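Descriptive analysis of the structure
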Number of protein chains: 2
Amino acid sequence: MNLNARPLDANPLAHDRVYRQLRSRIMHGDLPPGHALTLRGIGKEYEVSMTPAREAVRRLAAEGALTMSASGRISTPELSNERIEELAALRALIEVELASRALPRAHFALIERLQTINNAVSEAVAHRDAVGYIRTNLEFHRTLYLRAQAPAMLAMAETVWLQMGPTMRALYGRLRRTEPPHFHRLIIAALRAGDEPGLRLAVRTDVTQGLRMLAT
Amino acid sequence: MNLNARPLDANPLAHDRVYRQLRSRIMHGDLPPGHALTLRGIGKEYEVSMTPAREAVRRLAAEGALTMSASGRISTPELSNERIEELAALRALIEVELASRALPRAHFALIERLQTINNAVSEAVAHRDAVGYIRTNLEFHRTLYLRAQAPAMLAMAETVWLQMGPTMRALYGRLRRTEPPHFHRLIIAALRAGDEPGLRLAVRTDVTQGLRMLAT
DNA sequence: GAAGCGGCTTTGTGATCACAATAATAACAT
DNA sequence: ATGTTATTATTGTGATCACAAAGCCGCTTC
């Protein structure tokens, strides 16, 4: 009898499924910084054995989404202020370039879609929904950058988002703002006007504004 | 009897040892693009079972150092020209920033060390030693960037190097030059003069010059 | 010759286990 | 109460196995 048989209705590639779900939760701020995880716990939660859980964790650790202590304990990263500054600088570098490359290809339909997403961002802010804000905000940026046709750069940007996920949740969670996202409007306006310098400035400002929350 | 016992003289963390050695070989161009690997082959080569080999491969795949086909077959990446252009642009973005951050901290001892490394680069070029050239060239850049005190950025740059490793070997291997690295001298001169714009230009040019070889 | 077909082999995947090391808890003494 | 030690529970690591799917090779057929 085959004890290792996997249920026929189960999706193949168990480790990939675990990886994607964990990645989404981390990127969107579902887990606070320093949250501990265990291989057996993950396996139980996703109904797999330790093996695929280990592979998913190893992959996420390689991307900086999880940190492993010297003894192998798994947790979400707790970023120092210097690390946050670095990651914000990386976002500025990469995302300004992505936006710049997307600009010539940003037609009306894209700009309209960005506005729709931006409304969802405003709504999440109004409801003080930190996770919803992070998710829609990242969707706004990703939608724009997809037009750049630069998958390696987009992957780099998403890796930075991943690393900042838990910290962003902690930052936005303690934030008590209800203002709609001002810089997103500047980005949209620059796209509409075909204003590249304005777009670069708007993206850089939007991406690094989180630092100001830290400085207080 | 414990069948899983590991030899007492062996270093702990087998998967990490395998990871580091494979990573070094890939980054320095030891393997050509498209080179196939197997878990059992890696395990046999490093005298471990499939498990640590799998973890090392999974980690390298997450960093883009290896690609996995839909059926899970492992090989070094074969980069398209568009992907190479993107990675070169990423190098330019990140490494120019790293150099700029290192500039205020670049004292005499560092500049002298860069010159020593650069002599090794020239020697590798003279001997048409592609792997030696890649290794010393990366050592030149890493030595400079370490002064930037920006570990996340340096990690990003190294990830790009990793992805380009096999392709760089193929490019430099078919190259028949004996000129010493001209732009490295410009970098050193700009460091000595404290000339930030000149440094940025020199790094950007050095990093993207490989594209010119492709265009021919 | 080129394309289809049968088998055999290779290969990644996931489950399970033993083990060692770490963390957590209980017991105790001061 | 507090700090220390001994015991127990938890956790990651690596080895091994069964299995299915994909590659490979020789054969046949038209």
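Heads up: the structure comes first, above all this text.
Keep in mind that this is a model prediction, so the values were computed, not measured.

Residue and element names in this part refer to chain B. Overall, the coordinates contain 26 salt bridges over all chains when judged by the stated rule. For Asp16, the salt bridge is made with Arg59, and the minimal N-O distance between the two is 2.9 Å. Remark: Arg59 occurs in helix H3 (residues 50-62) and Asp16 occurs in helix H1 (residues 14-27); sequence separation between them is 43 residues. Residue class for Asp16 comes out buried when judged on its relative accessible area of 18%. Here Arg59 falls in the partly exposed class, since its relative accessible area comes to 21%.

Moving on, we come to the protein's contact with DNA strand D. Neighbouring DNA strand D are 22 residues, the closest being Leu39 of chain A together with Ala14, His15, Ser49 and Thr51 of chain B. Within 4 Å of the protein, the atoms of DNA strand D are drawn from sugar and phosphate moieties in a proportion of 65%. At 2.9 Å from a base nitrogen of DNA strand D is found a side-chain nitrogen or oxygen belonging to Arg40 of chain A. Contact distances for DNA strand D include 3.0 Å between a phosphate oxygen and a side-chain N or O atom of Arg58 of chain A. Of all the secondary structure elements, the ones that give two or more residues to the surface near DNA strand D are helix H2 (39-46) and helix H3 (50-62) of chain A together with H1 and H3 of chain B.

Attention now moves to the protein's contact with DNA strand C. Taken together, 22 residues lie around DNA strand C, and Ala14, His15, Ser49 and Thr51 of chain A together with Arg40 of chain B are the ones closest in. Within 4 Å of the protein, the contacting atoms of DNA strand C are drawn from sugar and phosphate to the extent of 64%. In this structure, Ala14 of chain A approaches DNA strand C through a main-chain N or O atom, which is 2.4 Å from a phosphate oxygen. In the model, a base nitrogen of DNA strand C is placed 2.7 Å from a nitrogen or oxygen of the Thr51 of chain A side chain. Counting residues per element, the ones that place at least two in the surface near DNA strand C are helix H1 (14-27) and H3 of chain A together with helix H2 (39-46) and H3 of chain B. With three residues, the single largest contributor to the surface near DNA strand C is H3 of chain B. For the surface near DNA strand C, the per-class residue count stands at eight nonpolar, nine polar and five charged.

Moving on, we get to the interface of chain A and chain B. Across the boundary between the two partners, chain A contributes 26 residues, which contact 26 residues of chain B. Among the elements of the structure, H3, helix H4 (81-102) and helix H7 (151-173) of chain A are those that each provide at least two residues to the side of chain A that touches chain B. The residue makeup of the side of chain A that touches chain B, split by class, is twelve nonpolar, four polar and ten charged.

Procedures and definitions
- Residues numbered from 1 in each chain as written.
- Chains lettered and ligands numbered in written order.
- Predicted model: local features only at pLDDT ≥ 70, side-chain atom pairs only at ≥ 80, totals over all residues.
- Heavy atoms only, no water.
- Salt bridge = Lys/Arg side-chain N within 4 Å of Asp/Glu carboxyl O.
- Helix = DSSP H or I, 4+ residues; strand = E, 2+ residues; numbered from the N terminus.
- Buried < 20%, exposed > 50% of the residue type's maximum accessible area, 1.4 Å probe, protein only.
- Near = heavy atom within 4 Å.
- Polar contact = N/O pair within 3.5 Å; in protein donor to acceptor, adjacent residues only side chain to side chain.
- Nonpolar A, V, L, I, M, F, W, Y, C, P; charged D, E, K, R; others polar.
- Contact = heavy atoms within 4.5 Å.

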